[in-house]
Structures are given as C-alpha cells and as structure tokens.
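Here is how the chains run, residue by residue.
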Amino acid sequence: MNTFKRFSPLLLILVILLTPTVIKDNYTFHLLIMVAIYVVMTQGLNLIFGYTGFLSFGQQAYLAIGAYVSAMLALRLGLSFWVTWPLAILATVLVGLFIGFVTLRLRGAYFVIVTIGFAEVVRLLPMNIDALGGPPGLRGLPTPNIHIGNLININFEGTKIPYFYLAWAMALFAIFIVNRLVNSRQGRAFLAIRENDSLAQAVGINIFKYSIFSFTVSVALAGAAGAFFGHYVTHISPEISAFHWTLSMILMVVVGGQGTIWGPVIGSFIFTLLPEWLRAAEQLRLPIYGVLLILAVLFMPNGVLPWLRKIWHQFTEKTRKAPPEAGSSPTHQASS
Amino acid sequence: MSLLAVESLCMYFGGLKAVDKISFSVEEGEIFTIIGPNGAGKTTVFNVLTGFLKPTAGKAIFLEKEIQGQKPHQIANYGLTRTYQHTSVFQKLSVLDNALIGSHRNLTNSALDTLLHTRSWKGNEASAKKEALEVLGFLGIADHTDTIAANLVHGQLRLLELAIALCSKPKLLLLDEPATGMNPEEALKLMNLIYKIRDLGITIMLVEHNMSVVMSISDRVMAMNFGTELALGKPKEVANNEEVIAAYLGGGFKC
C-alpha cells in the first residue's frame, strides 16, 4: 500500500502522458480538458468549503475575474497568455483578499449570502460595461502558443493535445498544492476552524487569518481555471459568471467527497461526463442534479470516495485472505 | 511578580454584574481554584481571562503583559490555554490530529515551507508528532491515536481535551470543571493527573464543583457569589468562612 501511495502520482502522470495514444477524437479531449478545469476549481472550493467549513456560493465570480482580466490584458495590450495568466491569478488573489477580509468575519448563512451578492455584482459588470464587451463578451482571445527561438514551437491552434497536457498539468499542480497544505499545520488549522472555532482560538489559532488564507488559495485556483478556460475556448461572455458553474462545483465536491483530496476529482469526472449521457434528456438535467444532490446528502453525506475506499478495502482483504487458501489446496485452485 | 494578576476586574452585561471588582493573583506552580454556586460568575472570569469576553473594567496581567481585551488566539500564544466546561474537541478528526492542532502555536514553518517540504517543515512535523505522542502517552490514550474523536467514550474525551491543551505547552492552564460527569474513582484519577501536570511546571487554575476534589488538591481557593469575591485563602479557611457557607446552604444558616 505504501509503495502504491508513493508511486501513484507517477502512475497518474504516466496515464495522462499516454492518453493521446489511446484517445484520438477531439470531442473526448474536450471533455477531459473540462474535467481538468473542474478539478482545479473544485480543489479550490473544497479547500474553503470541505476543509475550512465556509460554503462559498460565489466561486463563479473569481472564475469570471480570472477570465476577464486575462482576456482584457491579452486583447488590449497584446500580451501573451503566459504573462496574462499569472497577472489574472494575481488580480483574483487581490479581490479575494479584499472580499475575504470583509466577509470572513461572518459565518453560516451570512457568509453564503454575501458571497452570492458579490458574485451577482461581478456578473452584472461585464453585461453593462461596453469596454468589457457587453453581453456578447470578448472574442479572439490568443491561444497560449509557445515560441522560444527556433527550438521550441508549440502551436495550440487546431489541436487539443497541448491544451490537454496544460490543463492536466494545472490540475495536478492544484491537487499538489491542496494536498501539501492540508497535511500540515496550516491544513490542520483549517480543519480546526471547521470543527470547532472557539477551541481553535483557545489553542492559539488565528482563525481570521487562516480563513482568509484558505479563501485566497481557493479563489486563486478559480481564477487560474477561469483564465485558462478563456484562452481555451477563445471567447468569453458574462455567461462565465453564471451560477451554474458554482452549482456544478458544489455537486462535484459534495457527491465526490468533501474534505478529501480525491473526492472532488471523482466528482469532476462524474459531473462532466454525466451530462453527455443525459444529452437526450437535456431539459431534465437540472432536476436530475437536484435529486442527486439530495440523495448524496441523505445517503452519502461524506460522498462516494469513502464508499469506494470501503469497497477497495474489502477487495484487498479478500485477495489477502486468498493465498493461504490457495496454499492449503493448490490442486483445487489449479483445476478451477 | 505573580504569574497572573487580576485587578478589580468587572464584566457587566447591561445591568447584570456577572463579575464585579474581582482581584486575585495566581503564583507560579500553584493550583488555584475558583468555587461558587451556579451563576456566580466563575466561567465568566475564565472567558474574560482567555479573551472570549472584553471586560467592562479592570486589568489582567499575565507574564507582565496586560491581556484584558486581547483576542483569544493572542492570549493563547502568550501561554494561557483553557478547556471548556462542556467537552470540546475536534469531533471528526483523529486523536493524533486533535493533539497536533494543539501544537499549532509551537510550530514555525511557513506556508511556503509546507509547499516545498523544506527542512523546517520536516523538523516541525516530526517534533510535533513526537511531542503529541508523548502527551497522549502521558495521559494514557496513546492506544487510540488513530481513533476518530467522536468514537471515544466520555472519560477519554476529557483526556483528549487535556491533550490538546497540553500540546500547546501552556504556562497557565485553565480547567473549567474537569471533574464534571465523573464518578469518585475517575475524579481521584483526575486529581492525580492534575498533580502530574503541575509537576511538569504548568500552573493550574480550576473552576470546580466537586468539593472533595477542590479541598484536596487546591493550594488556594477563591469563593465567588453573584459576581463578587466572598473569600480567598487556604481551602480550610474558605470552607469554614461563614459567608461561603451561607452562599452554598442559604442565608441565615447557623451550625
């Protein structure tokens, strides 16, 4: 198990690297890129919601801020994606710090309402400001082409494979950051705030500081995903600050397993691929989501991950028990 | 210089004088107990000292610093830690994680150290884990390291609470009714434990109802009623104080 744990990141990287040898059609690549984008966003939401206990209902706002800042810098100043991306993340962090400073003194329903309110403001801004493209949005965002002299030329136009690699590199990086954070004194401070904030203070944890920290990392990931998304579809509109983004994220985190690293990843796969199978029932998609969320909260309050783990443990225990049986009656084993 | 000096501390809620002009001091290495009937203001004193309430007036000086009105986490970082009257732990986390949260203030690695797994992170994590296991062993719950706190029985939970507080390495430990819900045998064990904690060099302040516990372990006792101080002194003196007897048994009681 320990060796498995040590090599699983390498295994994962290998699977991602080899995916293009198996998958050839662009549509599947598009879905896998969307999964990666959702992984980044849900790792962020999971940090503030699953680990720190603040339900942020306005994550789409930071998605939009990341996308719009990167798009404006690229279109107006002609900067490359590789410059606008970090600047967009920085802008999201600054906004997140400010909003966190104002809202994280509030708990429960108050925090939820303020995050919704702020997201609504962010949604209305690009709708009404012509410089931001108005309702039709901004078109022609540059692709993240890489040209370093004549040595390296990676062209993102007309192919999805570079996007696929970049998206999953970003997703793995997000998983890496959140994983390291939660397994440390910082992460334990987040958990302490979620579980019992007055006891956390009594042992010297500055709950305001750590809530802001968690929230800032959370929105930075949303901003990174938003900016990437903009340069991937090369066209953004105020739709990017629509509530359904956050709704999907919450579903992914809750159904996947809040407060776990891999739960939101599983959730991202389920809720990116599920709508494709539900295509025939497009109108029923949201009601089905709603029912799934209710069922998950009622019957799997910790998500599918603990349930999958249980099955895995039962499976490994069975295989561990198998060898002595095989030793006692080898002939029987061979004949069957 | 006393470890903690409280000077005419007042905590009023509107017209209600929950704590009214209380003064006392706690010396290093002693066990100091506050007793009093329900509603006397004992827990309010704790809440003010640990920063959960801002006092209306008065001073609290801990290690020569004025701490009244400061934030709970700041006061905890000076080395003043408390436990709660109602068992208070991190329910969904393992016993070890609970203890490690207690050590938070003693760790120094920054978030960047955490992300890069620097030597500072490694050293901090290793020493925190070692100390947490020592504390759990000291309290006799080391067998339950990986148990989720919610699955512990009441007695173990009270020990875990102590473990969290001890991991923060306090200089002064405030215990709010630690013997609540314990039978005489458990209370006896707790007394021994409190002595052992004192012997680690931690000064202890108690709020307690269980008189057999109070009388046998306290070095000094302060009795309160209706927010005011009735008596302060050696346990025997306070127990024989007429005002204290009247407060507990009703006015006009004469032997």
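Located above this text is the structure these notes cover.
Residues numbered from 1 in each chain as written. Chains lettered and ligands numbered in written order. Predicted model: local features only at pLDDT ≥ 70, side-chain atom pairs only at ≥ 80, totals over all residues. Heavy atoms only, no water.

**Q** Is there a simple way to think about the sheet that holds strand β6 (residues 80-82) of chain B in this case?
**A** Sheet strands line up and pair through hydrogen bonds in the backbone, either parallel or antiparallel. All names here are of chain B. Read from one edge to the other, the open sheet built from 6 strands follows the order β6-β7-β8-β3-β9-β10, with strand pairing classed as mixed. Each of the sheet's edge strands pairs with one partner strand only, and the pair in question is β6 and β10 (228-233). The mean angle between the axes of side-by-side strands here comes to 15°, regardless of whether they run parallel or antiparallel. Pairing geometry for β6 and strand β7 (residues 172-176), over 3 bridges, is parallel. Its bridge partner lying in β7, T81 is registered against L173. Running at roughly 155° to β7, helix α6 (residues 154-167) makes contact with β6 and β7 of the sheet. (Pairing = 2+ DSSP bridges. Helix = DSSP H or I, 4+ residues; strand = E, 2+ residues; numbered from the N terminus. Axes fitted to C-alpha atoms, helices over the stretch in contact; angles between N-to-C directions. Contact = heavy atoms within 4.5 Å.)

**Q** What's the story with the sheet that holds strand β5 (residues 65-66) of chain B in this structure? I'm lost.
**A** Residues and elements named next belong to chain B. Spatial strand order, β2-β1-β4-β5: 4 strands in an open sheet with antiparallel pairing. If you trace the sheet from one side to the other, it starts and ends with β2 (16-26) and β5, each paired once. Pairing of strand β1 (residues 4-13) with β2 involves 7 bridges; the strand directions are antiparallel. Residue M11 lies in a different strand from β2, and its bridge partner there is V19. Together, β1, β2 and β4 (57-62) form the strand contacts of helix α1 (residues 42-49), whose direction differs from that of β1 by roughly 110°.

**Q** How do you make sense of the layout of surface pockets when you look at a structure like this?
**A** Leftover empty space is mapped by rolling, across the atoms, a probe with the size of a water molecule. Residue and element names in this part refer to chain A. In this structure, the second largest pocket encloses a volume near 440 Å³. Taken together, 18 residues line the second largest pocket, and the ones lying closest to its centre are M34, Y38, P275, E276 and R285. Only α2 (26-51), α9 (207-233), α10 (243-256), α11 (263-277) and α12 (285-299) provide two or more residues apiece to the lining of the second largest pocket. Sort the elements by how many residues they give to the lining of the second largest pocket and α2 lands first, with 5 residues. Residues belonging to the lining of the second largest pocket are distributed by class as follows: 10 nonpolar, 4 polar and 4 charged. (1 Å grid on protein atoms, 1.4 Å probe; cavity = no way out; pocket = protein on both sides within 12 Å on 5 of 7 lines; lining within 4 Å. Points joined across faces, edges and corners; volume = space filled by probe spheres on them. Nonpolar A, V, L, I, M, F, W, Y, C, P; charged D, E, K, R; others polar.)

**Q** Just to check I follow, could you spell out empty space enclosed by the protein for this structure?
**A** Residue and element names in this part refer to chain B. Across all of its chains, the model carries 1 cavity of 30 Å³ or more by this definition. The volume enclosed by the largest cavity comes to roughly 80 Å³. Lining the largest cavity are T83, Y84, R158, L159, E161, L162, L175, P178, M182 and L190. Among the elements that make up the lining of the largest cavity, the one with the highest residue count is α6 (4 residues). Split into classes, the residues belonging to the lining of the largest cavity amount to 7 nonpolar, 1 polar and 2 charged.

**Q** I'm lost on the packing of aromatic side chains in this one. Help?
**A** Remark: the centre distance and the inter-plane angle together describe each pair of aromatic rings, the angle taken between the planes. Enumeration over the complete set of coordinates arrives at 26 aromatic pairs over all chains. On the basis of an interplanar angle of 90° and a centroid distance of 5.8 Å, the ring pair of Y62(A) and F215(A) is categorised as edge-to-face. Taken as a pair, Y62(A) in helix α3 (residues 59-77) and F215(A) in helix α9 lie far apart in primary sequence, 153 residues in all. With respect to burial, Y62(A) and F215(A) carry one shared label: buried. Summarising the aromatic geometry, the rings of F24(B) and F32(B) are spaced 5.1 Å apart at their centres and angled 15° between planes, so their arrangement reads as stacked. Three or more aromatic residues joined by ring pairs make a cluster, and in this case those are F81(A), W82(A), W85(A), F156(A), Y163(A), F228(A) and Y232(A). Its guanidinium or amino end placed over the ring of Y84(B), R82(B) lies 4.3 Å from that ring's centre, counting from NZ or CZ. (Phe/Tyr/Trp six-rings, centres within 6.5 Å; stacked < 30°, edge-to-face > 60°. Buried < 20%, exposed > 50% of the residue type's maximum accessible area, 1.4 Å probe, protein only. Lys NZ or Arg CZ within 6 Å of the ring centre and 35° of its normal.)

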